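Given next are the chains, with one letter for each unit.
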Amino acid sequence: MLEEADVMKLADILIIIGFIVIALLLIGLIIFLIYLLLFDRNQKSHSILRNYPALGRIRYFFEKIGPEMRQYWFNSDTEGKPFSRDDYEHIVKSAKYKRDVVGFGSKRDFDEEGFYVKNDMFPKLTEEIKMDEDTKVLTKRYILMKDPLFSQREEKWEDEETSAYLLHDDDAVVIGPNTKYPFVLKGLIGMSAMSYGALGKHAITALSKGLGLAKGTWMNTGEGGLSPYHLEGGVDIIMQIGPGLFGIRDKNGEVDWDELKRKSEIPEIKAFELKLAQGAKTRGGHIDAEKVNPEIAEIRKVEPYKSVDSPNRFHQFSDVPTMCEFIEKIREVTGMPVGMKIVIGGNDSVEELAKYMKETGKGPDFITVDGGEGGTGASYQELIDSVGLPIKSALPILVSTLQKYGVRDRVKIIASGKLFTPDRIAIALAMGADLVNIARGFMITVGCIQTLKCQSNACPVGVATTDPDLQKALVIDEKKFRVVNFLVTLRKGLFRISAAAGLDSPVHFKPKHIMYKDDKGIVTSLESILKDVQDRIDVG
């Protein structure tokens, strides 16, 4: 047993040791601060640090956390870019809980100009809706049990069988009806081009499996080529071919027609798409060196860990006639529909193409028109912000030009550019789109939180990265069901808004079903707006 005096001595020793440790820490901190002071005073890169080292450090700290503070604290629910908090939560709740119900009222500013769906005095009853009532989807969704303020929310993950909300057979969309292997679709919504490399294998796999479970949809590979992960879910695939010819190129960088033929024999591949441009970058694609791991390099037939830039355009053709010949050859080799992805820059952007289609009978089976507001894994400010028209301007120009030359019915039009809600999709359909593509909406379903680091390979949630450690955050067998839920909820909403407009199916949306209100409250029909566009196109 220790004597009381010994205990007191031990306590004194510990106190002394404690004071010494604290003193050493303080001395170390002071030395470190003096070093920082001297370093900051003498460095030549940052002016503020040379004059005000302490304040400068504080400034840079707040600058670093600024995006997160604005996203979660200071931006209102409708202010955030590219997607507002409301936009983001709408996608997440649809994907996670399979719910898209809101309460109390709209947050839309009804004094601002915008498009509105024209409701019918006698909307369609549920039993009057014309859809495929037999096809079901097996999924899982979360049920929110409790959502306390200071502890983890309580949720239950349960199985659910639901309607797939597919089109009736009579309304199925057929791409390339005159090809050897037409592409038949019973859903109007698919996944826009996202390459393996821009996204990691976990994200691509979760998307493939989720889309496959949802049925009636498609997945675009992006210009990075077909990867094994695109095939995981058995979903129908549109294989995109960019100017870099990734996935179908030989060792000299030319088209390997035998490889193209082999790709066309893969059961999941239903069509091919030539990428001339995308909304966020009207140039060749780009992927940073950090993302080009050996597997991606093998798929693309490039060197690993070196940045990859596709040419700004195909060197195989330089005008509309040679491009159409290239399309004809792909169609001949594969027997499948061949389309093209474009960005509209002005009223005359597709004039030459439409005229040539009329004169020769040649041309694409479908045209994907991407709005300037579309997303990307990596681009440049001047291209993202200022090159290419947004989808609501581009789509009417494309449709009107094709109508001018009488070739509109020969092609299907796929529209893309932030079309992630049923009302936005309905407006695009009324403007003339046959189908729509979504990219970032699907990224959000598999975990994207809009950190805007897609180009850096440092995506913290494992979506837009090929880093194996970061990808561990994305659990495929959980996220695939969120993909299903988001898509099925979108389809259901599209039928719901169709019924409100007096239509038994969303395929029947026409310009007469959409109205435009300006900032003074004056209402104009979309029919009238499109007639003005058609008049300008006709005059040339």
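Residues numbered from 1 in each chain as written. Predicted model: local features only at pLDDT ≥ 70, side-chain atom pairs only at ≥ 80, totals over all residues. Heavy atoms only, no water.

**Q** Help me understand the pairing of strand E11 (residues 269-275) in this model?
**A** Looking down a regular strand, the side chains alternate between one sheet face and the other. Counting buried positions along E11 gives six out of seven residues, so the element sits mostly inside the fold. Looking at chain direction, strand E10 (residues 236-241) and E11 are connected through five bridges and run parallel. Note that in E11 the partner of Ile238 across the bridge is Ala271. At this point the chain moves from E10, through helix H6 (residues 257-264), to the parallel E11, and the crossover so formed is right-handed. Pairing analysis gives four bridges linking E11 to strand E14 (residues 338-342), with the strands arranged parallel. Paired with Lys275 across the two strands is Lys341, which belongs to E14. (Buried < 20%, exposed > 50% of the residue type's maximum accessible area, 1.4 Å probe, protein only. Helix = DSSP H or I, 4+ residues; strand = E, 2+ residues; numbered from the N terminus. Pairing = 2+ DSSP bridges. Right-handed = clockwise from strand over helix to strand, strands pointing away.)

**Q** So what exactly am I meant to see when it comes to the sheet that holds strand E19 (residues 523-525) here?
**A** Two strands in a sheet stick together by hydrogen bonds in their backbones, pointing the same way (parallel) or opposite ways (antiparallel). One open sheet holds the three strands; their spatial order is E1-E18-E19, and the pairing between them is antiparallel. Looking at strand neighbours, the two that pair on one side only are strand E1 (114-117) and E19, the edges of this open sheet. Neighbour-to-neighbour, the strand axes of the sheet open up by a mean angle of 35°, direction not taken into account. Two strands pair when backbone bridges link them, and E1 and strand E18 (residues 514-517) are joined in this way by four bridges, in the antiparallel orientation. Bridge pairing links Val117 to Ile514 in E18. This element, helix H16 (residues 526-539), spans E1, E18 and E19 of the sheet and lies at about 65° to E19. (Axes fitted to C-alpha atoms, helices over the stretch in contact; angles between N-to-C directions. Contact = heavy atoms within 4.5 Å.)

**Q** Just checking my understanding: could you explain the nonpolar core for this structure?
**A** The nonpolar side chains of a soluble globular protein tend to be buried, and buried together. Of all hydrophobic cores here, the largest spans 128 residues; its most connected members are Leu395 and Phe442. Among the elements that make up this core, the one with the highest residue count is helix H15 (residues 476-500) (eleven residues). If we ignore the near neighbours within four places in the chain, the residues touching Phe442 are Gly190, Met191, Met194, Leu207, Leu211, Val483, Phe486 and Leu487. (Core = buried A, V, L, I, M, F, W, Y, C linked by side-chain atoms within 4.5 Å.)

**Q** What should I look at first to understand unusual backbone geometry in this one?
**A** Trans is the common state for peptide bonds, and a negative phi is the common state for residues other than glycine. A cis geometry characterises the amide bond from Lys81 onward to Pro82, with omega recorded as -5°. Structurally, the position occupied by Pro82 is in the loop between helix H3 (53-74) and helix H4 (85-97). Phi at Lys418 is positive, roughly 60°, even though this residue is not glycine. Mapped onto the fold, Lys418 is located in the loop between strand E16 (412-416) and helix H12 (422-430). The phi angle at Asn457 is positive, at roughly 65°, despite the residue not being glycine. Considering the arrangement of structural elements, one finds Asn457 in the loop between helix H13 (440-445) and helix H14 (468-471).

**Q** Can you help me understand the packing of helix H5 (residues 201-214) against H15 in this one?
**A** Between two packed helices, the angle of one axis relative to the other and the distance separating the axes together describe the packing. Their axes nearest at 7 Å, the elements H5 and H15 cross at an angle of 45°. Viewed along their axes, H5 and H15 adopt a mutual orientation that is oblique. Where H5 crosses over H15, the two elements pack in a sense that is right-handed. In contact with His202, Thr205, Ala206, Leu207, Lys209, Gly210, Leu211, Leu213 and Ala214 of H5, H15 contributes Ile476, Asp477, Lys479, Lys480, Phe481, Val483, Val484, Leu487 and Arg491. Here the residues of the contact of H5 with H15 sort into ten nonpolar, three polar and five charged. (Parallel < 35°, antiparallel > 145°, perpendicular 65-115°, else oblique. Left-handed = near helix turned anticlockwise from the far one by under 90°. Nonpolar A, V, L, I, M, F, W, Y, C, P; charged D, E, K, R; others polar.)

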